[in-house]
Each structure stands twice: as C-alpha cells, then as structure tokens.
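A structural walkthrough
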Amino acid sequence: MPETTPDAASLEFRDVTKRYPGAEHPAVDDLSLEVAAGEICVLVGPSGCGKTTAMRMVNRLIDITEGDILVGEQSVRDRKPSELRREIGYAIQQTGLFPHHTVGDNIATVPKLLGWDKDRIRERVDELIELISLDPDEVRDRFPAQLSGGQRQRIGVARSLAADPRILLMDEPFGAIDPINRERLQNEFLRLQAKLSKTVVFVTHDIDEAIKMGDRIAVMRAPGKLAQYATPAEMLLNPANEFVEQFVGADRALKRLALQRVRDIDLWKVAHARVGDRVREVRTRIEDSDLELAMLLDDEGRPQHWLDERELQGETVEADSGPEATPVVELDDVLRDALGYLLSAETQFGPVVDDAGRMVGVLSMEVISHALHMPADQVRSSTDLIPEDEELLPGEDEAA
Amino acid sequence: MIEVLAQIQFEKRTGAGCVAENGFCPSWIANNINKYWTPLLEHIYLTVVSLGLGFLIAFSLALLAHRRRWLTGPITGVTGALYTVPSVAAFLLLLPITGRGNLTAIVALVAYTLLILFRNITTGLRNVPADVVDAARGMGLTDGQILRQVELPLALPEILAGVRIALTTTVGLATLAFFAGGGGLGKQIYSESAGTGGLFFKSNVVVAGGLAVLLAAFGDLLILGGQRLALPWRRVTAT
Amino acid sequence: MSLLILAQATGGGSLGCGNPPQRPIFIDAFDFVVKQRESVSGGVCIGGPKEILDLAATHLLISFIAVAIAVLISVPLGLYLGHKGKGEFMAISASNVGRAVPSLALLAFFVAFVGVGYVNVILVLTLLAIPPILTNAYVGVQQVDRDLVGAARGMGLTESQIIRQVELPLAMPTVFAGLRTSAVAVVATATIAPLANVQSLGTPIITPQTYGLAGQIGAALVVALITLVIDAGLGRAQRLSTPKGLTINERGAKRRRFAFLTPRTES
C-alpha cells in the first residue's frame, strides 16, 4: 500500500434509531454496537430487518433520526455528507458501476473527486486491478458491459477501495453471483482483508456468508432490533435467543465445525509400525495409544494399512495385508469436511497426514464431537481459514 | 374555385411542353432549382431555432421535474395539450398575438417540440439504473455531479432519440408555417406566389416535398451519427 | 397590443345575414362560429352553427373513415408481426418514415399525381394514420413478457388464443396510444383537405378572401377544441383498455390519473 494508507477507523453505533414518517415501527430501533478498527462486522438478518438501513446511516445515505454514529470517534452528523462518503468505501450488490465509464475511470471516481493528480490515479488504478487478480492492461480500458458478472463485482470492490477508505461498507457485494464464484470472491476478499485490515461493515441475508466473513456478527430482526452481536463461534455455541437459534439453523453445530481445522484440535495418538518391526514391540505401542490398532507406514512415514489382531501374528510385521488406511484426512481440512470424509467412508476414524503426507495422528468421531464443546474463544477466526494456494482459474466466472 | 386557380396557374407557367402537360420535368427543375434555396434555408432556420429553443425550455422543465417529481404530471398535461392542437390552428390562433411572420411560426413550432423533448428527457433520467445513482451518491458525488457525470450521460440516448423525433416532426410542421406568414418549403409546395407552380405542378411538388423529406432524413442521420460518436459505451457487448 | 386588432367592417348587408360590429378579433371569431354573417367579398352568407357543423361533420367523417381503415390494416398486421417477432425493421421504421414525410408534402403529392377528391384525401389520411398504430401494435406485443407467452404456450393455449387472450389485452394500452396519436394527426391534417378540394373545417382557414380573419381564427378554434376533445376521449379509452391488474398497485388502490396526463407511448 502507498504511504497514503490511513489507519482503519473504529466504528460505533450509539443508540441509533431510524424512524420513517408514517411508519408504524422504526426501521432501526436503538441500535448500539462497536466495531474495532480492522474488523469485519457482518449485519445479517431476514429482509426488512433494517440491516441495510443501519449500514446506509454510516455514510449518511440515510439520515439518523436519533442517536449517533461515530467513525474513528468522530460523529458522522458533524460531517458534510459528500466529504464523509469520499472517506468511506461503498460496494453494493448490483455493483453500481458507471456503464459509460471504463473500468479505469470507474475505479478512479473517488480519487478524481479528491483531486489526486493524474499519475497518482493511474498508478492507483493499476495497483487495485492487480490487487483483485485481474490484468490492468487487459481490463483498464474496457467498459463494464464487457466484463463477466464476477469481474464486475471485483471491480466494484476495487472501486470502493480506491481512495484507501478508513471504513468499507459492503451491501451484499457477492449476492448476485453463483455459489461457486461467490465462494471464490469471498476467499479473495478475506485474503485481501488480511493484507489491508480495513474496518468493514458487511450486509448479507445469508448466515453461512456471515459466519464465513465476519469477525463479529450482528444478527438483526424486524423491526430493526439487534438480536445478538457476537463472534461467529460464540453465536453458534450460545445463541442468545430462540430467534438467533432458528436463524442460525438446526445445523449450527455443523456450521461451527466449518470454523475449525483438523490442525487446531487434539488428535488421537496411534501406534506406528513398519515392515520388519517386531510384533511384540508394536503391541506395546498399541497399549500406549488411543486405538486398538496400529498403522503400517512406508519409508517416508505415509500411512499404508491398519494392522489389527489378525495381522499382528508371528515375529515381525509383514507388508500387504490388513484393511486400507482410508479416508486420509489432511491437517488443513476444516472439521466439517473431515467429518464428511469419515461419514462417506462409513468409518469411525481415519489417519491424518501433514503437508508431506506423513502420518501425524488419527481423527475420530469422538475427537470431532469433543471439538464441538470447545469454548468459543479457542475457535480460530475466519480470516485464517482461507487456503493460501487457491488459484483463480482463468475465465472462472464466465458462466455468470 | 380550386379549378380556377389551377387554370391561372397553367397560364402563368412558361417552358417546354412537359410543363404545359404538367409532367415531371427535369429540365424545368434544373432551370428553376435556384428558387428553392432560399425557402430551404428558411426551413432550416425555422427548424433549428425552434428545436434549439424547444430543447432549452424542455430541458429546464425536465430538470425541474426531476427534482420535484410531482411537477411531471402537470407539465406533461400542458405540453400535451400544446402538442394536440393542430399546427395550422395554432399558427392562426397565434396570429393576432404575435403577428404574421417567423415569430408566430417559431412560437408554435417550439410548443410542438416541448412534449416530445420533455417526455424523452424525463424518461431518460428516470431510466438511469437506481444502483448506479446510489453508488455515485455513496461515493460522495454531490447532486450536481451526479446529474452531470452520471444521469445526463446515461440519459443521453433517450434524450437524443427525443431530439430526433422532435427534429423530423418540426421539419414536417414547418411546411405549414406559411399559414402564419412564415417562410419555408411549405410555401413553395402550396403557393402560386412562390413562382414555382404550386400544388398542382408535379415537378414543383416533387422538388419542394422531396427537399423537406431529405432535410428531415439528413438531420436525423446527422444526430444518429453524433450519437454513435458520443456513446462509445453503447456499442460494446459482453465478451 | 395586437390583441386589440379590430375586425374590419365588411360591406353590403343586403343578404340579411348582417355585418358584425367592430370588436376584438377573438370575440369576433367566436361570433363567426355562432352567428351567420356576410362574406368578406360579399354576396354569400358564411359562418354560423349550420355551416360550422356541416364542415365539422365532413371533417370528422373523412377522419373517422381514414382511421378506421388504418386500424383494420395495422392492428392485425402489427399483432401478427409482433407475435412472430418478424418485420421489426418495417414496423419500427414505418413511424420514422411516416414522421419524416410532411403531411402537406404527402397531400401535395397526391393532388399533383393522383388528383383531388374525397377518395384521395382519405387515402392520404389513411397513410398518415397507419405508421403510429402499426408501430405501437408491434411494440405493444413485443414488450409483453416472453416468459408469459411461454407459460401460456406451456398451458396449452394455441397461437391464436395466445394473441387474443394474452398479447392483445396486454398490448391494448399501447395500441390505443398509437390510435390516439394517429387520430389527432389525422384530424389535424384534415384541416388542409380543402387543398384537395374536400371541404372541411380547413375551408375557412384556407380561403380568407371569403371568410376573413375572423373565419380563419373561428375555424382554428373549433379544430383545436375538437382535437383536444378527441385526445382526451381516446386518453380515457386508453386507460379503460388497460387490464385492471396493471393499474392497481400493491395496496390495491387505483392510480390516480387525469385524462390529460395519460402518457402517449409512441416510439
């Protein structure tokens, strides 16, 4: 990032109420919440719950009726709306890209308003296009109509970042994209966020997206009330009320498993064996382990077969016998996926390997069920969950 | 009475047998074409001035109605009534007020352009996608900047479509301006006194009527061409 | 100031239809409509309700015949083309070309090449009336949601049932808008019918040597009034032709509209 990067600002809703004349209930009712600088706060809830209204009051697209919103300790009410908005990034579902401007000009909108000089704008535009994994020379001079849906969404996000805003408002920014590409864009944004550490207010109606994107989630319910404000793990473990419990869904335990990786939990120890080992020694090792079986490893330490009572006869361990060591679980798998592997292999447990494929332990149903009861503060935050090596395939979202 | 006029007309004419037989006479046209240039210029003058003034008025009204939505109905009603009154009647009804001549013609022609232009400009502004305006406001563009940088450029195709309709309509109606004592090609088509043979002389009708049609078509193509140049983003398609 | 132009006193008076006194021109024009007087050149009685009604009757008759023929031709054609999705260029450019040809030029062309008389005038008016109706019928059908037509087909409606039960009702407001544009244009153009030797409300306008300024302006007033009435009437018909489901809003309330303000959807 260039030297202009201002620090991300904290955000506070202080008893904020929005009332429309003639409406029976307020659209937002006495909302108070704090977002720490650099965190993603997701506003989630069914349609009509007031989440978008709440977000739009931050940059004063909607006027606050009562209460106040503080951006970096300063009231938004004291600011001239157009100036305030130039400091706050804004990305929306329909992208709102200017169809008559090129991609480059679209991204340059706010820098131009702020009077940046031409060279600085050009540099910034290219930097941002690269940041969202597109080729500046290819897309800079195109019009939005020449891009795919996913590319347009990305340009929308790049445009909102153009002037290094202290806060970013995103209103269902990936809502109009098919599920596969939405996941890619979500991952890409989280990776971006790991670098930029913006304060983000993210509106969605999709609880899975909220759990994935949010450092903290504000569940809202009509009319404009905050039902719970908590980290994803805390909310999944202890829903504050019946509404949140229902909104999160009956599978909230499973959802919670998506927040944890195999790496993060205590695995079962298992007895190792290699061809030529003495059977008696292997039996001793089994007694010190959590399982009545041993795992036969090859020379590189990769799991080969399970060895049970029948195989552990004679003097030494022999090759090519026993049940196969499937499914193989990796340390980076999230628990939900790992559970899926176990279930589809119709087994209670499976070997876990590291990056090099070496045996490190055993994951079992029991281990997973134990992880479900782990306290919320020991569950890792979402930003760490994104695989670093995920490549964006060329033309990945042409179907959009 | 018309027959009598027709006979007088025949006697007045000079030239070859083609003219006497009221045929389509290329040689007569070649000899008399100079008589059409001034009326053509007058016609262009009437059209351009009326369209220009009409656009200024309609544009101001449209901007007003854009900010104050409730004005759209009343303005459409009034301009609609102006549009409905037949041009010939309008020319005559204005005569006692504005006198014979171009002023009356222009006032009436301007009145005709208002509905078309106002409707197209407001429709164009209204059809600007709401998300684009929302994004513009969210990024901190002021109302004036949104109007100039976003709404008007995006409404331009609709606005120009209105200008095209208004242009061809005005060229057509300007042929009737002679009722108000205005000039233009209509006088050539109709009148004996224009020295081109009037309504019954085929060669005259073809030349004068043809020039009016060509003027409309040429103006239309001119705006269409300008529109192509001004709107590069409309020509692109998704890859 | 020119409003104070006074009507010229006309000579004679021997016919017994009298001479109008001097007064402001618009009042004189009104008087022309309601009361007979002697012509400017003398020798005949002009004006008054009887002559105006006679002229108006011819005016409206030729207009009505022309519009009726135009409807019979262009509505079925427009519906068919729109339903088939064919002939877009023809249907759309019809109204563009129609606008580019001045009505006076078209009438003059007929007078010079075909001749004068009722048939020719009606032909000219019909030609003027066709483009807006044709284009609007086509556009009206085309803008019916294609999914809706697909659904109708999926439910087993035949093509002609689709046209009659789905496309025509939904296109009705647009068709009426075209009809309205055409009718107003035809009534306006019928004003210059006297150029082709057909007497209409244009007669006093085109022959000031007989009818005088008062006659010209009186006739202009009547023509203007008639078109405004027709426009408002057809505007009302346009609204009545709109299927109810399209005019009520979410709350079930009908949208408030004035006949004056009904949009003319013309492309």
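Thresholds applied
- Residues numbered from 1 in each chain as written.
- Chains lettered and ligands numbered in written order.
- Predicted model: local features only at pLDDT ≥ 70, side-chain atom pairs only at ≥ 80, totals over all residues.
- Helix = DSSP H or I, 4+ residues; strand = E, 2+ residues; numbered from the N terminus.
- Buried ≥ 20, exposed ≤ 12 C-beta atoms within 10 Å, placed from the backbone.
- Contact = placed C-beta atoms within 7 Å.
- Pairing = 2+ DSSP bridges.
- Nonpolar A, V, L, I, M, F, W, Y, C, P; charged D, E, K, R; others polar.
- pLDDT = per-residue confidence, 0-100.
- Axes fitted to C-alpha atoms, helices over the stretch in contact; angles between N-to-C directions.
- Parallel < 35°, antiparallel > 145°, perpendicular 65-115°, else oblique.
- Core = buried A, V, L, I, M, F, W, Y, C linked by C-beta atoms within 7 Å.
- Left-handed = near helix turned anticlockwise from the far one by under 90°.

**With respect to the overall build of chain B**
The secondary structure content of chain B amounts to 12 helices and 0 strands. Moving toward the C terminus, one meets the helices and strands of chain B in the order α-α-α-α-α-α-α-α-α-α-α-α. Looking at chain B as a whole, 49% of its 239 residues qualify as buried. Put simply, of all contacts in chain B between residues at least 6 apart along the chain, 72% involve residues at least 24 apart.

**Structural notes on the sheet that holds strand 1 (residues 11–18) of chain A**
All names here are of chain A. Taken in spatial order, the 4 strands line up as 2-1-4-5 in an open sheet, and their pairing is antiparallel. Each edge of the open sheet is held by one strand with a lone partner, namely strand 2 (28–35) and strand 5 (74–75). Sheet topology places strand 1 next to strand 4 (residues 66–71); 5 bridges connect them, and they run antiparallel. From the neighbouring strand, Leu11 faces strand 4, where its bridge partner is Val71.

**A closer look at the interface of chain A and chain B**
Residue-level contacts link 20 residues of chain A with 18 residues of chain B. Among the elements of the structure, helix 2 (81–86), strand 6 (88–92) and helix 4 (109–113) of chain A are those that each provide at least two residues to the side of chain A that touches chain B. For the side of chain A that touches chain B, the element with the highest residue contribution is helix 2 of chain A, accounting for 4 residues. When its residues are assigned to classes, the side of chain A that touches chain B shows 9 nonpolar, 8 polar and 3 charged.

**Re unusual backbone geometry**
Residues and elements named next belong to chain A. Each neighbour pair has its own omega, and for Ala222 with Pro223 the value is -5°, a cis peptide bond. Locating Pro223 in the fold gives a position in the loop between strand 9 (216–221) and strand 10 (225–230). The omega torsion across Thr326 and Pro327 is -10°, close enough to zero to call that bond cis. Along the chain, the position of Pro327 falls in the loop between strand 13 (303–307) and strand 14 (329–330). The phi torsion at Ser133 lies on the positive side, around 60°, for a residue other than glycine. Summarising the element assignment, Ser133 is placed in the loop between helix 5 (118–131) and helix 6 (136–139). A positive phi angle is found at Ser197, which is not glycine, with a value near 50°. Secondary-structure assignment places Ser197 in the loop between helix 8 (179–196) and strand 8 (199–204).

**Digging into the interface of chain C and chain B**
Taken together, the contacts link 40 residues of chain C with 38 residues of chain B. At the level of elements, helix 1 (25–34), helix 3 (88–100), helix 4 (103–113), helix 7 (159–189) and helix 9 (208–240) of chain C are the ones that each hand at least two residues to the side of chain C that touches chain B. Here the element with the most residues in the side of chain C that touches chain B is helix 9 of chain C; it accounts for 9 residues.

**Thoughts on the pairing of strand 9 of chain A**
Residue and element names in this part refer to chain A. Among the 6 residues that make up strand 9, 6 are buried, leaving the element largely enclosed by the rest of the structure. With burial as the criterion, each face of strand 9 is covered, one bearing Arg216, Ala218 and Met220 and the other bearing Ile217, Val219 and Arg221. Note: strand 3 (residues 40–44) against strand 9, 4 bridges, orientation parallel. Note on strand 9: the bridge partner recorded for Cys41 is Arg216. As paired elements, strand 9 and strand 10 share 5 bridges and run antiparallel to each other. Paired with Ala218 across the two strands is Tyr229, which belongs to strand 10. Connecting strand 9 to the next strand, strand 10, in antiparallel fashion are 3 residues, including Gly224 with a positive phi near 65°.

**A closer look at the environment of Ala188 of chain C**
Within the fold, Ala188 of chain C resides in helix 7. Note on Ala188 of chain C: 26 C-beta atoms within 10 Å, which makes it buried. When the C-alpha positions of Ala188 of chain C and Val223 of chain C are compared, they lie 7.6 Å apart, and in sequence the two are 35 residues distant. The contact partners of Ala188 of chain C, leaving out residues within four places of it in the chain, are Pro86 and Ser87 of chain B together with Thr227 of chain C.

**Points about the confidence of the model for chain A**
Put simply, chain A has an average pLDDT of 86, and 92% of its residues get 70 or more. Between residues 389–400 of chain A, whose pLDDT stays under 50, and residues either more than four places distant or in other chains, the model counts 18 contacts.

**Focus: the sheet that holds strand 9 of chain A**
All names here are of chain A. If you walk across this open sheet you meet the 6 strands as 6-7-8-3-9-10, and the pairing is mixed. Two strands lie at the open edges of the sheet, namely strand 6 and strand 10, each paired on one side alone. Neighbour to neighbour, the strand axes of the sheet diverge by 15° on average, direction disregarded.

**Quick notes on the packing of helix 1 of chain C against helix 9 of chain C**
Residue and element names in this part refer to chain C. Relative orientation of the contacting elements helix 1 and helix 9 amounts to 75°, with a least axis distance of 8 Å. Taken together, the axes of helix 1 and helix 9 lie roughly perpendicular to each other. On helix 9, the residues touching Ile25, Phe26, Asp28, Ala29, Phe30, Phe32 and Val33 of helix 1 are Leu213, Ala214, Gly215, Ile217, Gly218, Leu221 and Val222. When the residues that make up the contact of helix 1 with helix 9 are grouped by side-chain class, the tally is 11 nonpolar, 2 polar and 1 charged.

**As for the nonpolar core**
Val201 of chain A together with Phe91 of chain B are the most contacted members of the largest nonpolar core, which has 214 residues in total. In this view, Phe91 of chain B contacts Thr104, Ala105, Ala108, Leu176, Ala177, Phe179 and Ala180 of chain B; residues no more than four positions away in its chain are not counted. Counting residues in hydrophobic clusters, the runner-up holds 27 residues, among them Ala271, Ala273, Leu335 and Met359 of chain A.

**Topic: the packing of helix 4 of chain C against helix 5 (residues 118–142) of chain C**
Residue and element names in this part refer to chain C. Axis separation between helix 4 and helix 5 bottoms out at 10 Å; the angle between their running directions is 145°. As for how helix 4 packs across helix 5, the hand of that crossing is right-handed. Contacts from Ser103, Leu106, Leu107 and Phe110 of helix 4 reach helix 5 at Asn120, Leu123, Val124, Leu127 and Leu128. In terms of residue class, the contact of helix 4 with helix 5 is made up of 7 nonpolar, 2 polar and no charged.

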